[in-house]
Amino acid sequence: MKKGRVFSGARPTGRQHLGNYLGAIKNYVALQDDYECVYCIVDLHALITLETTRDLKANTYEMALDWLAAGIRPQESILFIQSHVPEVTELHILLSMVTMLGKLTDLPTFKEKAREQPHNINYGLVGYPVLMAADILLYKATAVPVGLDQAPHLEFTREIVRSFNFRYKTSVLLEPQMKVTEAPIVLGIDGVHKMSKSLNNDIELAATPEETAARVMQMVTDPARLRRSDPGNPDVCNVFSMHKFFSSPEEIQMVNIECRQAGIGCVDCKKILAKNINAHLAPFRQKRAEINQNPQAVWDILYQGAEKAHSIAAQTMGEVRAAVGLPERKK
Ligand code: SF4
């Protein structure tokens with residue numbers, strides 16, 4: 001017996017990196033044991049900020065491939081592309097009628113994005129949280145995995161549900177529960193910013209062992225440790241943070257002790273980390289290579305996922321249209 005239905009979506013950013021893996025994908029995989037999972041590659045959301053759609057299809061494929069190789073099980077979970085179920089845009093427009101513009105422009109995320117792209121404050125950017133609500137509500141998700149920092153977004157969805165249900169005197173939309181997950185913030189190899197492809201500070205899951213080792217060697221360490229003979233401080237070193245994810249308890253303890261007394265150099269410390277990351281990712285990389293031999297199979301999984309998603313969406317929209325009072329469609 002599953003505990004309910006989980007929905008989560010992510011923009012198609014192409015090949016996934018360690019930050020995506022530790023922060024989201026691992027959790028996606030684990031949730032499958034307890035929940036019916038609906039995982040969506042939100043290509044429409046991507047259009048809000050993308051300057052060009054040139055790589056959209058390739059990035060969608062690469063991301064789906066990484067998710068499948070990491071353990072998303074398409075036989076039991078629904079994996080699909082947002083735009084393949086167009087009902088989401090219809091629900092979006094209906095939800096927008098019960099959402100006050102001032103609330104949307106007051107959201108910190110809107111203000112931040114508007115600062116980042118002042119030349120492109122488009123309508124989609126303002127309405128982004130409404131589209132996100134439509135994603136969740138269309139599939140009647142009972143729970144949404146969120147980090148604490150994303151909790152206000154989900155609360156906004158819950159507010160929209162209350163507004164909609166109140167306005168149309170219905171209970172057709174469900175308020176999803178927050179499934180707060182302790183997603184770690186993974187810093188990039190610069191040791192300063194969150195790992196991100198656009199900042200070029202990432203380590204791709206699908207990189208070769210050699211590429212991975214080279215990226216680890218570029219990682220910024222304790223900035224106060226200038227010479228091999230200087231004692232270091234693992235507490236301020238991102239290499240040590242990564243050891244905590246990938247190394248054995250004995251190795252973590254050894255680095256923690258030896259770094260502080262200059263018993264280990266940063267190069268050797270990084271070699272251990274690179275070896276452990278590569279060992280951890282070896283099964284993923286092998287599975288990825290196998291799946292990648294037949295790209296059409298990946299697309300077929302996405303198409304089949306869209307069919308399953310569509311059957312839920314069609315049912316929801318029938319109920320929503322009736323609740324709103326739209327004239328019935330020809331049967
Ligand atoms: S030895 Fe390891 S933990 Fe210590 S500063 Fe160097 S890279 Fe960081």
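Please refer to the structure higher up on the page.
What you see is a predicted model, and the numbers here were worked out from it, not measured in a lab. Starting afresh in each chain, residues are numbered from 1 along the sequence in its written order. For this predicted model, a pLDDT threshold of at least 70 governs which residues receive local features, and a threshold of 80 or more governs which side-chain atom pairs are given and counted, while totals over whole chains, interfaces and linings are taken from all residues. Note: side-chain values were computed over all heavy atoms of the structure, leaving out hydrogens and water.

Here's the deal with the pattern of salt bridges
Let me state the cut-off plainly: One side-chain nitrogen of Lys or Arg within 4 Å of one carboxyl oxygen of Asp or Glu is enough to make a salt bridge. A run of DSSP states H or I qualifies as a helix once it reaches four residues; a run of E qualifies as a strand once it reaches two. Both are numbered from the N-terminal end. Exposed residues in this analysis have more than 50% of their type's maximum accessible area, buried residues have under 20%, and partly exposed residues fall in between, with area computed by a 1.4 Å probe over protein chains only.
Tallied over the full model, the rule gives 24 salt bridges. Across the salt bridge formed by K113 and E116, the nearest N and O atoms sit 3.3 Å from each other. Of this pair, K113 and E116 both sit in helix α6 (residues 108–116), three residues apart, which is roughly one turn of the helix. Taking the relative accessible area as the measure of exposure, E116 reaches 48% and is therefore partly exposed. In this structure, the salt-bridge partner of D202 is R215, at a minimum N-O distance of 3.7 Å. Here the residue D202 occupies a position in the loop between β5 (177–180) and α9 (209–217), and R215 occupies one in helix α9, the gap between them amounting to 13 residues. Across the pair, exposure class does not vary: D202 and R215 are buried alike. Each of the salt bridges in this network shares a partner with another, and the network as a whole consists of R15, E62, D66, K197, E204 and R288.

Points about the pairing of β5
Within a regular strand, the side chains alternate between the two sheet faces. Worth spelling out the cut-off: Strands are treated as partners if at least two bridges between them are detected by DSSP.
Where strand β4 (residues 143–146) meets β5, four bridges bridge the pair, whose relative direction is parallel. Looking at β5, one finds that V146 is bridged to V180.

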